[in-house]
Amino acid sequence: MTTQLLTTSQQDLEKAAELIKAGGLVGIPTETVYGLGANGLDPEAVKKIFEAKGRPSDNPLILHLHGAFQIPDYCRDIPDAAWLLAGLYWPGPLTMVLPVRDNVPKRTTGGLDTVAVRCPDNDATREIIRLAGVPIAAPSANLSGKPSTTTAEHVLHDMDGKIDAIVDGGPCRVGVESTIVDLTGPVPRLLRPGGITPEELEELLGQLVIDRAVTGEIAADAVVRAPGMKYKHYAPAAEVLIVDGSREAAARYIRERFTGGDAVLCFEEELPLYQGLSPVAYGREAEPITLSAGLFAALRSLDRGDVKRIFARCPVGGGINVAVRNRLRKSAGFRIVNAESGDENEK
Ligand code: AMP
Ligand code: MG
């Protein structure tokens, strides 16, 4: 199959919608990461997503809607909190898990009795959803286990020849996947941190349980609420080691150990500390949105045969840094060292 590259012109969006209606796969831009979209109501089309990504079939997809008015079409027993959150954050980087109606195929929900829904903040993709007249099921448009894609070039790299088309909407603004909140239990539960921060959600909802999977490691055989949480994720071929601690202590720790095949992933402010080691910066520590926007592109740039180990600097604190830390820890397989104490794997 030849993968067509489409623009965001109306004519190309119509082409993309036609491909979706015909059961095809299209790479779509969103404000978080690129999605690998198919008609979410067509089990055969959805099956192709899992095949193209090499994704385990019990890992469900997110249904992308044109607007909140479509929630009752695919969800039932919708709590007030869902309307509150959709009203405030949609279109935007917030996914809600709600009880599913039986018109949504099991392939989309991974066999669960719940479904994840979101409305992406990207005019081109919302227009494709409107023109197609169906909700678009989409996970991130990367090979399973690899860092997510934040440009059309990334999608082409992972999916060339495997999907019908890619709509190039430029680089993604947020850069990490949506926040997922489960509203099916007695208390809202954060399953994945993202562009909408835990602090904001807790303030609005009054209470929020942070699922253990957000901060800790999950065993492969564990039963988890968001099946995606248990799989290896966001990982380049190289081993990633997070080095915590002050800038100076971390630079000392890394410089003492750096050998051939090693790479440094750090904040822009730290570049001078790693002169001579060809450091890669993924954003500015002082401006956390630049870290989320740049993380996956930087991890991808280091996903090369000659890089065997990546020493990575990870931001601390709340806000979107919670999401950046979550992705980086997963890509590191939770290997973290404190440069000041020398302790490994403190979480
Ligand atoms: P991706 O954005 O590629 O990570 O894929 C969608 C994410 O949404 C995965 O992490 C899924 O586990 C999660 N997800 C989708 N549907 C549900 C659901 N019904 N309950 C919990 N998590 C879900
Ligand atoms: Mg993904």
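These notes cover the structure that comes with them. In this text the structure is predicted, and so the values were computed from the model without any measurement. (Residues numbered from 1 in each chain as written. Chains lettered and ligands numbered in written order. Predicted model: local features only at pLDDT ≥ 70, side-chain atom pairs only at ≥ 80, totals over all residues. Heavy atoms only, no water.)

**Points about the sheet that holds strand 5 (residues 94–99)**
(1) Moving on: Taken together, 11 strands build an open sheet; the order of strands is 1-8-2-3-7-4-6-5-9-10-11 and the sheet is mixed. Two strands bound the open sheet, and with one partner strand each, they are strand 1 (4–6) and strand 11 (209–210).
(2) Moving on: Pairing of strand 10 (residues 189–192) with strand 11 involves 2 bridges; the strand directions are parallel. If you follow L190 over to strand 11, its bridge partner there is I210. (Pairing = 2+ DSSP bridges. Helix = DSSP H or I, 4+ residues; strand = E, 2+ residues; numbered from the N terminus.)

**Some words on the pairing of strand 10**
(1) Moving on: Alignment of strand 9 (residues 179–182) against strand 10, held across 3 bridges, turns out to be antiparallel. By the bridge assignment for strand 10, V181 is matched with L190.
(2) Moving on: Assessed by its sense of winding, the connection that carries the chain from strand 10 through helix 8 (residues 198–205) to strand 11 is right-handed. (Right-handed = clockwise from strand over helix to strand, strands pointing away.)

**Observations concerning the environment of N59**
(1) Moving on: Within the element layout of this structure, N59 appears in the loop between helix 2 (43–53) and strand 4 (62–64).
(2) Moving on: Accessibility expressed as a relative area gives 7% for N59, which makes it buried.
(3) Moving on: Taking the C-alpha atoms as reference, N59 lies 21 Å from I71; in sequence the two are 12 residues apart.
(4) Moving on: Reaching out from N59, the side chain makes a polar contact with the side chain of R55 at a distance of 3.2 Å. (Buried < 20%, exposed > 50% of the residue type's maximum accessible area, 1.4 Å probe, protein only. Polar contact = N/O pair within 3.5 Å; in protein donor to acceptor, adjacent residues only side chain to side chain.)

**A short note on the packing of aromatic side chains**
(1) Moving on: Scanning all chains against the criterion turns up 2 aromatic pairs.
(2) Moving on: Here Y234 and F296 contribute two aromatic rings whose centre-to-centre distance is 5.3 Å and whose plane-to-plane angle is 35 degrees, an arrangement assigned as tilted. With a gap of 62 residues between them, Y234 in the loop between helix 9 (212–215) and strand 12 (239–244) and F296 in helix 11 (residues 288–301) connect regions that are remote in the sequence. For the pair Y234 and F296, a shared accessibility class is recorded, and that class is buried. (Phe/Tyr/Trp six-rings, centres within 6.5 Å; stacked < 30°, edge-to-face > 60°.)

**With respect to the packing of helix 11 against helix 12 (residues 321–331)**
(1) Moving on: Orientation of helix 11 relative to helix 12, taken along the N-to-C sense of each, is 20 degrees, at an axis distance of 9 Å. It follows that helix 11 is roughly parallel to helix 12 by the angle criterion. Considering the relative orientation of helix 11 and helix 12, their crossing is left-handed. Residue-level contacts link P288, L291, S292, L295, F296 and L299 of helix 11 to N321, V324, R327, L328 and S331 of helix 12.
(2) Moving on: Partitioning the contact of helix 11 with helix 12 into residue classes produces 7 nonpolar, 3 polar and 1 charged. (Axes fitted to C-alpha atoms, helices over the stretch in contact; angles between N-to-C directions. Parallel < 35°, antiparallel > 145°, perpendicular 65-115°, else oblique. Left-handed = near helix turned anticlockwise from the far one by under 90°. Contact = heavy atoms within 4.5 Å. Nonpolar A, V, L, I, M, F, W, Y, C, P; charged D, E, K, R; others polar.)

**Quick look at the pattern of salt bridges**
(1) Moving on: Enumeration according to the criterion identifies 20 salt bridges in this entry.
(2) Moving on: Put simply, R284 and E268 hold a salt bridge, and the shortest N to O gap is 3.6 Å. On the criterion of sequence distance, the pair formed by R284 in the loop between strand 14 (280–281) and helix 11 and E268 in the loop between strand 13 (262–266) and strand 14 is long-range, its members being 16 residues apart.
(3) Moving on: A single network of salt bridges, built from pairs that share partners, joins E239, R335 and E344. (Salt bridge = Lys/Arg side-chain N within 4 Å of Asp/Glu carboxyl O.)

**Digging into unusual backbone geometry**
With the exception of glycine, most residues fall at negative phi, and the peptide bonds are largely trans.
(1) Moving on: The residue after W90, namely P91, is reached through a cis peptide bond having omega -10 degrees.
(2) Moving on: Turning to its location among the elements, P91 is positioned in the loop between helix 4 (80–89) and strand 5.
(3) Moving on: Despite not being glycine, D77 has its phi angle at roughly 45 degrees, a positive value.
(4) Moving on: Tracing the backbone shows D77 in the loop between helix 3 (71–74) and helix 4.
(5) Moving on: Positive phi outside glycine occurs at S278, with the angle close to 45 degrees.
(6) Moving on: Turning to its location among the elements, S278 is positioned in the loop between strand 13 and strand 14.
(7) Moving on: By relative accessible area, which is 60% here, S278 ends up exposed.

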